[in-house]
Amino acid sequence: MTRPTRAQRPAKTPETSGRRRDWLGWLYIAPLVLVLVPFFLAPLLAVVAASVFESDGFGGMTPALDLSNYWQVLTSDLTFNLYWSTAKFTFLTWLFSLIIGFFVAYFLVFHVRNPLLGLGLFLLCTVPFWTSNIIRMISWIPLLGKQGLINEALLKIGLIHEPLEFLLFSSFAVVVAYVHQLTIFMIVPIFNAMGRIDKRVVEAAIDAGASRFDIMRLIIVPLSKSGIALGSIFVVSIVMGDFFVVKVMSGGGSASVVGAFYEDVGVLQYPKAAASAVILTAVLMAAVGLILRTVDIRREITR
């Protein structure tokens, strides 16, 4: 039996090729779908469903389409105060971590001539972050307390006559702890974005007489926008989704949105806590959307 020649074989039509590409595409994303559906999509849908259930006040829930949980959250003065407090911590943490992360990355990329040394210093920046976040947060207490090292040093040199009380168990301490924990999330993407900048562009600008400020404003910052945007997403999402740092470092003097619905869970008010979680998720998605409008992340990463 003779095999059919190439001319005798049926030609592949564009429709057949298109179906093959579709199946291959689904096959490629199948592992991601198997992870996202049970661990992300299903829990999110469960929270959304619980947010419209009726609560009996003792931990029980009755399936219903009850929007009163959202009404209670949105019309409460406490909700506005909590979101204001969370927004304040988020903005201050983002601002200071951006400033520190940007200039650390700038120094490593443009002022360390040896690439191997720059990579080594970059890895050195990550060493403190190998330890637990809780340990790094609590380590500030001996420094910022009334009898802490900072107050003792300021008293000995005569700059103050009594310990500074705002250093610990205050909003200042919360921001310090957040910046300490999250600056690395700014350094890494900005360092990666700056590392792709062609040094010849900077050298050409210097030869053309551009000042350091002009180079920073017109070259470095625009070409680092993708790293700044990614770092901002990391910092904003982590701060808005955290409550432990606020609870510990403020000494209970400040609160956050997540802390509020954590307390609701503690008193078995599950539908109200779920409604608060859905609202916070929507607010966070809106914030991330605003950040992504400043830069085309997909184009910047794949270029």
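This text goes with the structure placed above it.
Note on numbering: residues in each chain are counted from 1, in written sequence order. In view of the model being predicted, local features appear only for residues whose pLDDT reaches at least 70, and side-chain atom pairs are presented and counted only at 80 or more, with totals across whole chains, interfaces and linings using the full set of residues. Note that water and hydrogens are dropped before the side-chain values are worked out from all heavy atoms of the structure.

(A) Geometry of the nonpolar core. Note on terminology: a nonpolar core comprises buried Ala, Val, Leu, Ile, Met, Phe, Trp, Tyr and Cys residues joined through side-chain atoms within 4.5 Å. Relative accessibility thresholds used throughout: buried, under 20% of the residue-type maximum; exposed, over 50%; partly exposed, between the two (1.4 Å probe, protein chains only). One finds Phe-110, Tyr-178, Ile-190, Met-194, Ile-220 and Met-249 to be the most contacted residues of the largest nonpolar core, which totals 40 residues. Every helix listed is a DSSP run of H or I at least four residues long, and every strand listed is a run of E at least two residues long, numbered separately from the N terminus. Counting only elements with at least two residues in this core, the list comes to helix H3 (77-110), helix H8 (171-195), helix H9 (199-207), helix H10 (212-223), helix H11 (225-240) and helix H12 (244-249). Examining the composition of this core, we find that 13 residues originate from one element, H8, more than from any other. With near-sequence residues (within four places) excluded, Ile-190 lies in contact with Leu-98, Gly-101, Phe-102, Ala-105, Gly-227 and Ile-228. Residues count as neighbours in contact if any of their non-hydrogen atoms are within 4.5 Å of one another.

(B) Summary view of the packing of helix H13 (residues 257-266) against helix H14 (residues 270-292). Here the axes come from fitting lines to C-alpha atoms, over the contacting stretch only for helices, and the angles between their N-to-C directions go from 0 to 180 degrees. Relative orientation of the contacting elements H13 and H14 amounts to 160 degrees, with a least axis distance of 8 Å. When the interaxial angle is binned, H13 and H14 end up roughly antiparallel. In the packing of H13 onto H14, the handedness of the crossing is left-handed. Contacts between H13 and H14 involve Val-257, Val-258, Phe-261, Asp-264 and Val-265 on the former and, on the latter, Tyr-270, Lys-272, Ala-273, Ser-276, Ala-277 and Leu-280. For this scheme, ten residues count as nonpolar: Ala, Val, Leu, Ile, Met, Phe, Trp, Tyr, Cys and Pro. Four count as charged, namely Asp, Glu, Lys and Arg, and the remainder, Gly too, count as polar. Across the contact of H13 with H14, the residue classes break down as eight nonpolar, one polar and two charged. Each angle gets one of four labels, with under 35 degrees taken as roughly parallel, over 145 as roughly antiparallel, 65 to 115 as roughly perpendicular, and the rest as oblique. Crossings are sorted by hand: turned counterclockwise from the far helix by less than a right angle, the near helix makes the crossing left-handed, and turned clockwise it makes it right-handed.

(C) Seen up close, the side chain of Thr-90. Its location among the elements puts Thr-90 in helix H3. Every residue in contact with Thr-90, bar those within four places of it in the chain, is listed here: Val-236, Val-239 and Met-240.

(D) Quick look at H10. Taking 1.5 Å per residue, 12 residues should reach 16 Å; H10 reaches 15 Å between its end C-alpha atoms and fits that length. Of the residues making up H10, those classed as buried are Ile-215, Met-216, Ile-219 and Ile-220. One side of H10 carries all its buried residues, which in axial view fall inside an arc of 125 degrees. Across from the buried face of H10, at angles greater than 90 degrees, the exposed residues are Phe-213 and Leu-218. Multiplying 1.5 Å by the residue count of a helix minus one yields the expected span of that helix. When we speak of the arc, we mean the arc of directions from the helix axis to the C-beta atoms.

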